[in-house]
Amino acid sequence: MMKALLLLLLSIALYAGTCANYVQEVRRYHYAEFGVDFPYQYAIGQLQQESGCRNVISIDGVGSEGVSQITFKVWKIMLIAAGINDIKAVGNQLRAQAIIMHSLHNPKQGLWVTYQKYNGGGLVLKEINRAGIEDWQKAKDECKRGQSCFTYKGKTTCRSNCEINYDYSQKIYKYGGEYGSVQSTQFRYW
């Protein structure tokens, strides 16, 4: 029992340490795009949610890659215009993350909406409109997206697309708080 607990704590420490390696770069790139009041801790939480802060190619079937799980073909025009010709290097992935997030952000909306657009596209805006108010729970209640199934190592797993997308902003909020006190007068999360 004690050995299992020690292994669990060690794996958590290693997991968090990997994300901590990106704090300075993520802060720099997000400050460059949003200004110094941006709560960059959420961007670290986003890396934790996307890839566990590992430079990997996703099994999502659309070609998402890197620590920030960007699908280059979707963002290619905007990223090339910004001088990012590929996202093979982690530095390019982190800069691309900040550029994409900035392009998705509407200052009148909470960051949770921006993160959900990054993860699941603009459908969240339709759900907010149906709810009649920018409220996480009410928007989730209006979600009607079906499910996604993934096969990995011969095992197929299916999940509700609503659960996937709405859990995303919750997890980023939680993980972001693990990287220091999040305070911003300009950017609200909820």
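To be clear, the structure that these remarks concern was listed above.
My aim in this report is to walk through the structure given alongside it, one point at a time. (Residues numbered from 1 in each chain as written. Predicted model: local features only at pLDDT ≥ 70, side-chain atom pairs only at ≥ 80, totals over all residues. Heavy atoms only, no water.)

Details of the nonpolar core
- By size, the foremost hydrophobic cluster in this structure holds 44 residues, and its most contacted members are Y22, L79, L94, W112 and Y115.
- For this core, the secondary-structure elements that each account for two or more residues are helix 2 (23–34), helix 3 (41–51), helix 4 (72–81), helix 5 (90–104), helix 6 (111–120), helix 7 (123–131), helix 8 (136–141) and helix 9 (161–177).
- Ranked by the residues each element gives to this core, the list is headed by helix 5, at 8 residues.
- Those residues in contact with W112 that sit more than four places away from it in its chain are V124, I128, E134, D135, W136, A139, Y166, S169, Y189 and W190. (Core = buried A, V, L, I, M, F, W, Y, C linked by side-chain atoms within 4.5 Å. Buried < 20%, exposed > 50% of the residue type's maximum accessible area, 1.4 Å probe, protein only. Helix = DSSP H or I, 4+ residues; strand = E, 2+ residues; numbered from the N terminus. Contact = heavy atoms within 4.5 Å.)

With respect to a nonpolar patch on the surface
- Residues I59, F150 and Y152 make up a contiguous nonpolar surface patch of roughly 290 Å² in combined accessible area.
- Note on placement: I59 falls in the loop between helix 3 and helix 4. (Patch = residues over 30% accessible without salt bridge, like charges linked within 9 Å, V, L, I, M, F, W, Y side chains within 5 Å. Areas by Shrake-Rupley, 256 points an atom, 1.4 Å probe, with all protein chains shown as cover. Salt bridge = Lys/Arg side-chain N within 4 Å of Asp/Glu carboxyl O.)

Considerations on the pairing of strand 1 (residues 147–152)
- Here strand 1 pairs with strand 2 (residues 155–160) via 6 bridges, running antiparallel. Residue Y152 lies in a different strand from strand 2, and its bridge partner there is K155.
- In textbook terms, the turn of a hairpin is the stretch between consecutive antiparallel strands, and for strand 1 and strand 2 this stretch comprises 2 residues, one of which, K153, has a positive phi near 55°. (Pairing = 2+ DSSP bridges.)

Considering the state of the cysteines
- Applying the stated criterion across every chain, the model contains 3 disulfides.
- The residue that forms a disulfide with C19 is C53, at a sulfur-sulfur distance of 2.1 Å. Between C19 and C53 the sulfur-sulfur dihedral comes to about 105°; the bridge is accordingly right-handed. With C19 in helix 1 (residues 2–20) and C53 in the loop between helix 3 and helix 4, this residue pair connects regions lying 34 residues apart in the sequence. (Disulfide = S-S within 2.5 Å.)

Comments concerning the packing of aromatic side chains
- Counting across every chain of the model gives 12 aromatic pairs.
- Measuring from ring centre to ring centre gives 4.1 Å for F34 and F38, while their planes differ by 20°; the resulting arrangement is stacked. With respect to class, F34 is no different from F38; both count as buried.
- Between Y189 and W190, the aromatic rings sit 4.8 Å apart at their centres with planes inclined by 75°, giving edge-to-face as the arrangement.
- On the basis of relative accessibility, which here comes to 5%, the residue Y189 falls in the buried class. (Phe/Tyr/Trp six-rings, centres within 6.5 Å; stacked < 30°, edge-to-face > 60°.)

Overview of the packing of helix 2 against helix 5
- It is at 9 Å that the axes of helix 2 and helix 5 come closest, and there the two elements cross at 35°. Crossing of helix 2 over helix 5 shows right-handed handedness. Listed contacts from helix 5 to E25, V26, Y29, H30, E33 and F34 of helix 2 are G91, L94, R95, Q97, A98, I99, M101 and H102.
- Residues that form the contact of helix 2 with helix 5 fall into these classes: 7 nonpolar, 4 polar and 3 charged. (Axes fitted to C-alpha atoms, helices over the stretch in contact; angles between N-to-C directions. Left-handed = near helix turned anticlockwise from the far one by under 90°. Nonpolar A, V, L, I, M, F, W, Y, C, P; charged D, E, K, R; others polar.)

A few points about the pattern of salt bridges
- Per the counting criterion, the structure on display carries 7 salt bridges.
- Between E163 and K140 there is a salt bridge, with the nearest N and O atoms lying 3.2 Å from each other. With E163 in helix 9 and K140 in helix 8, the pair connects residues that are 23 residues apart, well separated along the chain.
- For K140, a relative accessible area of 17% corresponds to the buried category.
- Where K144 meets E142, a salt bridge forms, and the shortest distance between an N and an O atom there is 3.9 Å.
- For E142, a relative accessible area of 24% corresponds to the partly exposed category.
- Taken together, the salt bridges that share partners define one network made up of R130, E142 and K144.

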